[in-house]
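The primary structure of each chain is shown beneath.
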Amino acid sequence: MNQKVRKAVFPVGGMGTRFLPATKAMPKEMLPVVDKPLIQYAVEEAQAAGIEEFIFVTGRGKTAIEDHFDHSIELEGILAERGKTREMAMISGPMMRPGQVAYTRQQEPLGLGHAVWCARELVGNEPFAVLLADDLVMAATPCLKQMIDVYGRVGGNVVAVMDVPREHTNRYGVLDIGKQDGALVEVRGLVEKPAPEKAPSTLSVIGRYILQPTVFSELDRQDRGAGGEIQLTDAMARLIGRSPFHGYRFEGRRFDCGDKAGFLEANVAFALARADLRDQVLPLIRRYCS
């Protein structure tokens, strides 16, 4: 039986420069899609997948994230006094039990691999998930839950993947693919941000991972890769052949909320999916499309 995935790492130390000036004083992970911050969607996805411990790799100026997942005594008191039970439920939804959440600092912006490495002592010697809040997935079954179900069958390392236009391969970690079994793809190799003409495929990794703790020994090398950063993709590539490694074509729609157009699209899509907003939002879209 494969060891249970109990812990999830949320790298939230980035500066969010693509969303300046909005992110000058607010973490990009706190940007709202409709009425919920990106990081809350990621945490709720992890909760739905059965994750028990939540590890945030933060940086300077990220205390709003810590505050968001804590009690606000003053606000709760006001809402209770005014009988606003619906609003009370909304702010208590993402709460985690004492001891379930931990924070550690990424003191230098040295890349995703470095951010994950910063969580090594909190993860310990067990498999773990990584969720990037920038990648928002709308799915009937949460993306990480789909992956954990697959991991229960195949073990090893599992990454969420999707096909991208070939001209966009230089934005992603791209798979060199082997055997395919439905939504599962054997990973023979991984290349970080290859030029389109050199990409081994168009099947690219998005921000959902289930990894074995052996990845930390590779990240310990602190090797610099694309962009002069410590790349998680490079460390994962060195695990291939040592344990099963699969890409999983998840069911659902992914929104790149690290990009302004993708973020705006996510707001529209999530608003239209809500019964309380759809009838108000549709006429607005039609107005601007006419």
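Just above, that's the structure.
What you are looking at is a predicted structure, and each value in this text was computed from that prediction instead of being measured. (Residues numbered from 1 in each chain as written. Predicted model: local features only at pLDDT ≥ 70, side-chain atom pairs only at ≥ 80, totals over all residues. Heavy atoms only, no water.)

## Comments concerning the overall build of the chain
Along the chain, the regular secondary structure elements total eleven helices and 13 strands. Computed over the C-alpha atoms, the radius of gyration of the chain is 19 Å, within 12% of the 19 Å expected from 2.2 N^0.38 for a compact globule of 290 residues. Overall, the C-alpha framework of the chain stretches about 60 × 50 × 40 Å when taken along its three principal axes. A burial count over the chain gives 47% of its 290 residues as buried. (Helix = DSSP H or I, 4+ residues; strand = E, 2+ residues; numbered from the N terminus. Rg over C-alpha atoms; globule rule 2.2 N^0.38 Å. Buried < 20%, exposed > 50% of the residue type's maximum accessible area, 1.4 Å probe, protein only.)

## Concerning helix α1 (residues 38–48)
Most of α1 is tucked away, with eight of its eleven residues classed as buried. In the stretch just after α1, Gly-50 is the one whose phi turns positive, near 90°.

## As for the pairing of strand β6 (residues 128–131)
The alternating pattern of β6 places Phe-128 and Val-130 on one face and Ala-129 and Leu-131 on the opposite face, and all of these are buried. When strand β1 (residues 7–11) meets β6, the two strands line up parallel, connected through three bridges. Across the sheet, Ala-8 pairs through a bridge with Ala-129, a residue of β6. Bridge count between β6 and strand β11 (residues 203–211): four bridges; the pairing is antiparallel. What sits directly across from Val-130, in β11, is Tyr-209. (Pairing = 2+ DSSP bridges.)

## Examining the pattern of salt bridges
Scanning the model with the defined rule gives 22 salt bridges in all. For the salt bridge of Lys-4 with Glu-52, the shortest nitrogen-to-oxygen distance reads 2.8 Å. Here Lys-4 is found in the segment before β1, whereas its partner Glu-52 is found in the loop between α1 and β4 (53–58), with 48 residues between them in sequence. On the basis of relative accessible area, Lys-4 is assigned to the partly exposed category, the value being 49%. (Salt bridge = Lys/Arg side-chain N within 4 Å of Asp/Glu carboxyl O.)

## Overview of the packing of helix α10 (residues 260–272) against helix α11 (residues 278–289)
Between α10 and α11, whose axes approach to 8 Å, the crossing angle comes to 135°. The angle between the axes of α10 and α11 places the two elements in the oblique class. On α11, the residues touching Val-268, Ala-271 and Leu-272 of α10 are Arg-278, Val-281, Leu-282 and Ile-285. Looking at the contact of α10 with α11 residue by residue, the class counts come to six nonpolar, no polar and one charged. (Axes fitted to C-alpha atoms, helices over the stretch in contact; angles between N-to-C directions. Parallel < 35°, antiparallel > 145°, perpendicular 65-115°, else oblique. Contact = heavy atoms within 4.5 Å. Nonpolar A, V, L, I, M, F, W, Y, C, P; charged D, E, K, R; others polar.)

## Focus: the environment of Gly-156
Counting through the fold element by element, Gly-156 comes out in the loop between α7 (143–154) and β8 (157–163). Under the relative-accessibility criterion, Gly-156 is labelled buried at 10%. Put simply, Gly-156 and His-246 are 90 residues apart on the chain and 7.9 Å apart in space, counted from C-alpha to C-alpha. Look past the residues within four positions of Gly-156 in its chain and what remains in contact with it is Tyr-151, Ile-210, Gln-212, Ser-243 and Pro-244.

Spatial relationships are all this shows, so hold off on functional conclusions.
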